[in-house]
Amino acid sequence: MKNLLTLLICFLALISCKENKSSLVLSDEDNAIATLQLYQNVSPELIEERNKLYQLMLKHSTPPEEPSEEDKAYFLKNIAHIDSVVNQGVALIKEQKGKELLTLLEAEIINFYAHPHNTVESEYELHKLLIKLNRRYCASHKEFLAKAIQLLEYSLLHIGCLEESPTCYTLVLQDLTCAYLEAEENTKAVVVGKMLCEEMPKDNVVGEIIANLLLSKAYDRIGEKELRDNCVRSVMHHPEFIAVFMEVNETIGLPEELKNL
């Protein structure tokens with residue numbers, strides 16, 4: 001319970017704090033370095049397998065012209081390139097140069113996506129790092145939210161291409177619902193919030209409560225009061241409800257009417 005609730009609160013604090021930028025974003029440098037290093041040390045077997053697939057896709061995606069030598073060489077060159085980019089990023093983290101790191105990562109994000117180690121899980125960790133950096137360095141909160149939403153929507157699109165849902169699926173849905181609420185994109189918050197409630201495992205009681213509270217807030221925003229109340233009533237029977245409700249309410253603020261259900 002504590003771990004999942006902490007993840008929610010950390011992200012909500014991240015998207016809600018509009019003025020307090022005094023703390024150093026890269027204070028958790030070990031985690032930031034570990035995130036970048038997810039894109040290193042690719043096995044020769046994986047390189048060979050993915051390069052064959054890349055060449056096959058390239059061949060069938062560029063008719064009637066033959067792919068250029070540059071295009072053919074991109075996949076292998078990109079692995080070496082990203083290895084160098086990661087080393088640059090690690091150096092910037094150690095030097096506490098967050099703005100330069102953000103510039104580097106945003107310039108290279110497409111190349112990270114093309115890397116063989118770009119699973120949904122590694123991508124999500126990379127996106128979280130970018131979101132932290134954007135929170136600090138974006139000129140406005142509105143710009144920050146737009147960038148955070150773009151990154152999370154990309155992860156959701158990536159997940160949609162997979163046959164099986166990754167372990168971070170509900171976290172992506174949760175973060176995106178929060179970001180939509182913060183940006184007052186309330187209809188989108190309802191759509192993704194419903195997905196979150198449907199995908200949350202029923203044995204994850206805290207996650208189920210959080211998901212329904214987020215959806216209830218989204219419903220409240222669009223004036224669907226009955227659906228809002230139903231979300232809360234569906235999880236009120238859990239012994240953990242009061243504690244989770246109080247934590248979520250303190251973090252994002254829930255409709256006053258919910259306190260009297």
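No experiment lies behind these values; they were computed from the predicted model shown.

A. Representation of the packing of helix α8 (residues 169–182) against helix α10 (residues 205–221). Where α8 contacts α10, the two axes come as close as 11 Å, and the packing angle between them is 25°. The orientation of α8 relative to α10 falls into the category roughly parallel. At the point where α8 passes α10, the crossing takes the left-handed sense. In this structure, α8 uses Gln 174, Thr 177, Cys 178 and Leu 181 to contact α10, whose residues at the interface are Ile 210, Leu 214, Lys 217, Ala 218 and Arg 221.

B. Representation of the nonpolar core. Grouped together as the largest cluster of nonpolar side chains are 69 residues, with contacts concentrated most on Leu 36, Leu 105, Phe 112 and Leu 213. With ten residues, α10 is the largest single contributor of residues to this core. Once you skip the residues sitting within four places of it in the chain, Leu 213 turns out to touch Val 232, Phe 241, Val 244, Phe 245, Val 248 and Leu 254. Among the nonpolar cores identified, the runner-up in size contains six residues, and Leu 46, Tyr 54, Leu 58 and Phe 75 belong to it.

C. Looking closely at the confidence of the model for the protein. When pLDDT is averaged along the protein, the result is 87, and 88% of the positions lie at 70 or above. Mean pLDDT across the secondary structure elements of the protein bottoms out at helix α1 (residues 2–16), with 51, and peaks at helix α9 (residues 186–199), with 97. Note that pLDDT drops below 50 for residues 16–25; the model gives that stretch 17 contacts with residues more than four away or on any other chain.

D. Layout of a nonpolar patch on the surface. Residues Leu 53, Leu 56 and Met 57 make up a contiguous nonpolar surface patch of roughly 300 Å² in combined accessible area. Tracing the backbone shows Leu 53 in helix α3 (residues 44–61).

Parameters at a glance
Residues numbered from 1 in each chain as written. Predicted model: local features only at pLDDT ≥ 70, side-chain atom pairs only at ≥ 80, totals over all residues. Heavy atoms only, no water. Axes fitted to C-alpha atoms, helices over the stretch in contact; angles between N-to-C directions. Helix = DSSP H or I, 4+ residues; strand = E, 2+ residues; numbered from the N terminus. Parallel < 35°, antiparallel > 145°, perpendicular 65-115°, else oblique. Left-handed = near helix turned anticlockwise from the far one by under 90°. Contact = heavy atoms within 4.5 Å. Core = buried A, V, L, I, M, F, W, Y, C linked by side-chain atoms within 4.5 Å. Buried < 20%, exposed > 50% of the residue type's maximum accessible area, 1.4 Å probe, protein only. pLDDT = per-residue confidence, 0-100. Patch = residues over 30% accessible without salt bridge, like charges linked within 9 Å, V, L, I, M, F, W, Y side chains within 5 Å. Areas by Shrake-Rupley, 256 points an atom, 1.4 Å probe, with all protein chains shown as cover. Salt bridge = Lys/Arg side-chain N within 4 Å of Asp/Glu carboxyl O.

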